[in-house]
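Observations on chain architecture
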Amino acid sequence: MQQILVVDDELEHLNALCELLQGGGYQVLRTSRPERALAIAESQRPDLVITDWDMPGLSGIELIRQLKAHPATRDIPVIMCTGSMTTAAHLETALQAGAVDYVRKPVEPIELRARTRSMLQLAASYRQILAKEQELARQNELLNQQKQELHQAAITDRLTGLHNRAYLVDQLSREFSNSRRYGRPLSCLLLDIDHFKSVNDRHGHLVGDAVLRHTAQLLSRGLRRGDVLARYGGEEFVLLLPGTPAASAQALAESLRASVAQAVWVQGELSLPLTISIGVADNLAGQAEDETALLRHADAALYAAKRQGRNRVVVHAEPVG
Ligand SMILES: Nc1nc2c(ncn2[C@@H]2O[C@H](COP(=O)(O)OP(=O)(O)OP(=O)(O)O)[C@@H](O)[C@H]2O)c(=O)[nH]1
């Protein structure tokens, strides 16, 4: 049943109003002390408030302002009962304070019922719209979250949790253009686990997978903001170092190589010494005309590192002449 709070300091008037509304099938809350009305509205959340204007202690206008200032009671519609002397300016003040309608005293029963009914219908529609809006906002948030998760999955390598090849290709192209535009160095490291095939062959693919995860973790340590580490494929990783020339990249590559060589991989009884080979190239001195060439140079340096015995770092050298 819909609930209406009636506020009037004149008991006779209060009783008459309440009777009228109860006769209309509404549940009525009442108070003759306007300063209590806010607390009642807050705890009972009536569907409508009907208040007298002229009351000692707290005027109807002041009560409306308090109701509107409070989040819990802000949306409860208020009808103001006004005296017969009320002017248009008074009514304007009431509407500005937040009253949605008014009835003049002495109250015409049919008028009060009509206004009450339409206000309650309006309030119900408003509540429905509000609930739909909230539901829409919730669904929107869920959708954005799913989009974000999908995007994250699309750029992540599932086995190692590093970025994947697709992301690397995007970033390489972006970083290459940026470094060219701002005349900044860009280094590319191609890192490959040595004799990884024999890990798989001797111990199985599950151990091979664990070794890949272990290596990915070691390589991730000590990366700086802006560095991009990705699993390029199989047992190959790429590390992009924007703002870093090959000489500094070589030092970092050397420390990565050493950290993998020092950290023996252990699982139960099994312990495997692992090493990686690294090819380093940068875009300086116009060596790499585009990002593909940069990657190709790093690959050539990696190939040289493998040929020279593995577990080493080789920097791509500019061909002489
Ligand atoms: N366990 C596992 N193995 C993979 C995965 N992707 C590629 N491989 C294996 O990685 C191995 C790569 O071997 P190769 O390219 O011959 O190189 P390598 O044995 O590391 O030898 P070098 O690079 O010359 O030192 C192959 O046996 C692939 O099957 C993976 O996701 N998990």
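Bear in mind that the values here come from a model prediction, so they are computed numbers and not experimental data.

Helix and strand content of the protein: ten helices and twelve strands. Over its C-alpha trace the protein gives a radius of gyration of 38 Å, far above what one expects of a compact globule, namely 20 Å for 321 residues. When the backbone C-alpha atoms are referred to their principal axes, the protein occupies close to 105 × 50 × 30 Å. Within the protein, counting contacts between residues at least 6 apart in sequence, those at least 24 apart form 63% of the total.

So, on to the confidence of the model for the protein. Predicted confidence across the protein gives a mean pLDDT of 94, with 98% of residues reaching 70 or more. Scoring of the predicted complex yields 0.72 for pTM and 0.93 for ipTM.

Core analysis: the largest hydrophobic core is formed by 43 residues, its most contacted members being Cys188, Leu189, Leu191, Val238, Ile278, Val280 and Ala298. If we skip the residues at most four places from it in the chain, Val280 touches Ser187, Leu189, Ala246, Ala249, Gln250, Ala253, Ala298, Ala301, Val313, Val315 and His316. Val7, Leu21, Leu63 and Ile79 belong to the second largest nonpolar core, which has 25 residues in total.

Across the interface, helix 2 (residues 34-44) lies against helix 3 (residues 60-69) with an axial gap of 10 Å and an inter-helix angle of 20°. In terms of orientation, helix 2 and helix 3 fall into the roughly parallel class. For the crossing formed where helix 2 meets helix 3, the hand is right-handed. Contacts from Pro34, Ala37, Leu38 and Ala41 in helix 2 reach Leu63, Gln66 and Leu67 in helix 3. Residue composition of the contact of helix 2 with helix 3, by class: six nonpolar, one polar and no charged.

In this section: the sheet that holds strand 8 (residues 236-242). The strand order 7-8-6-11-12 describes an open sheet built from five strands, whose pairing is mixed. Looking at the sheet topology across the chains shown, the edges are occupied by strand 7 (228-233) and strand 12 (313-315). The sheet shows a mean angle of 20° between the axes of neighbouring strands, direction not considered. Here strand 7 runs beside strand 8; their pairing, made up of five bridges, is antiparallel. In the strand pairing of strand 8, Val228 is matched with Leu240. Relative to strand 7, helix 6 (residues 165-182) is tilted by about 130°, and along the sheet it contacts strand 6 (186-193), strand 7 and strand 8.

Residues in contact with the ligand amount to 16 residues; listed here are only the nearest, Asp194, Phe196, Lys197, Gly208 and Gly234. Looking at the shell around the ligand, the elements that each hand over two or more residues are strand 6, helix 7 (196-203) and helix 8 (205-220). At four residues, helix 8 tops the list of elements feeding residues into the shell around the ligand. Looking at side-chain class alone, the shell around the ligand contains four nonpolar, five polar and seven charged residues.

The subject of this paragraph is the sheet that holds strand 2 (residues 27-31). Across the sheet, which stays open at both edges, the five strands sit in the order 2-1-3-4-5 with parallel pairing between neighbours. The outermost strands of the open sheet, each flanked by one partner alone, are strand 2 and strand 5 (101-104). The mean angle between the axes of side-by-side strands here comes to 20°, regardless of whether they run parallel or antiparallel. When strand 1 (residues 3-7) meets strand 2, the two strands line up parallel, connected through five bridges. Paired with Leu5 across the strands is Leu29, a residue of strand 2. Where helix 5 (residues 109-154) meets the sheet, its contacts fall on strand 1, strand 3 (48-52), strand 4 (78-82) and strand 5, and the angle it forms with strand 5 comes to roughly 170°.

Between the first and last C-alpha of helix 10 (residues 291-307) there are 24 Å, a value that for 17 residues agrees with the 24 Å anticipated at 1.5 Å per step. Here helix 10 has its buried residues at Glu291, Leu294, Leu295, His297, Ala298, Ala301, Leu302 and Ala305. Along the axis of helix 10, the buried residues cluster in a sector spanning 155°; they form a single face. The secondary structure elements touched by the buried residues of helix 10 are helix 6, strand 6, strand 11 (276-282) and strand 12. Gly309 lies just past helix 10 and shows a positive phi near 120°.

With that settled, the discussion passes to the domain arrangement of the protein. Partitioning the protein into domains gives domain 1 (3-130) and domain 2 (165-315). A straight line from the C-alpha centre of domain 1 to that of domain 2 covers 74 Å.

Here the residue pair Lys105 and Pro106 is connected by a cis peptide bond, since its omega of -10° sits within 30 degrees of zero. Even without being glycine, Arg45 reaches a positive phi, approximately 45°. With respect to the helices and strands, Arg45 occurs in the loop between helix 2 and strand 3. Judged by C-beta crowding, with 13 C-beta atoms within 10 Å, Arg45 ranks as partly exposed.

Rules used throughout
- Residues numbered from 1 in each chain as written.
- Predicted model: local features only at pLDDT ≥ 70, side-chain atom pairs only at ≥ 80, totals over all residues.
- Helix = DSSP H or I, 4+ residues; strand = E, 2+ residues; numbered from the N terminus.
- Rg over C-alpha atoms; globule rule 2.2 N^0.38 Å.
- Contact = placed C-beta atoms within 7 Å.
- pLDDT = per-residue confidence, 0-100.
- Core = buried A, V, L, I, M, F, W, Y, C linked by C-beta atoms within 7 Å.
- Buried ≥ 20, exposed ≤ 12 C-beta atoms within 10 Å, placed from the backbone.
- Axes fitted to C-alpha atoms, helices over the stretch in contact; angles between N-to-C directions.
- Parallel < 35°, antiparallel > 145°, perpendicular 65-115°, else oblique.
- Left-handed = near helix turned anticlockwise from the far one by under 90°.
- Nonpolar A, V, L, I, M, F, W, Y, C, P; charged D, E, K, R; others polar.
- Pairing = 2+ DSSP bridges.
- Near = placed C-beta within 6 Å.
- Expected span 1.5 Å × (residues − 1).
- Arc of directions from axis to C-beta.
- Domains from an automatic or database assignment.

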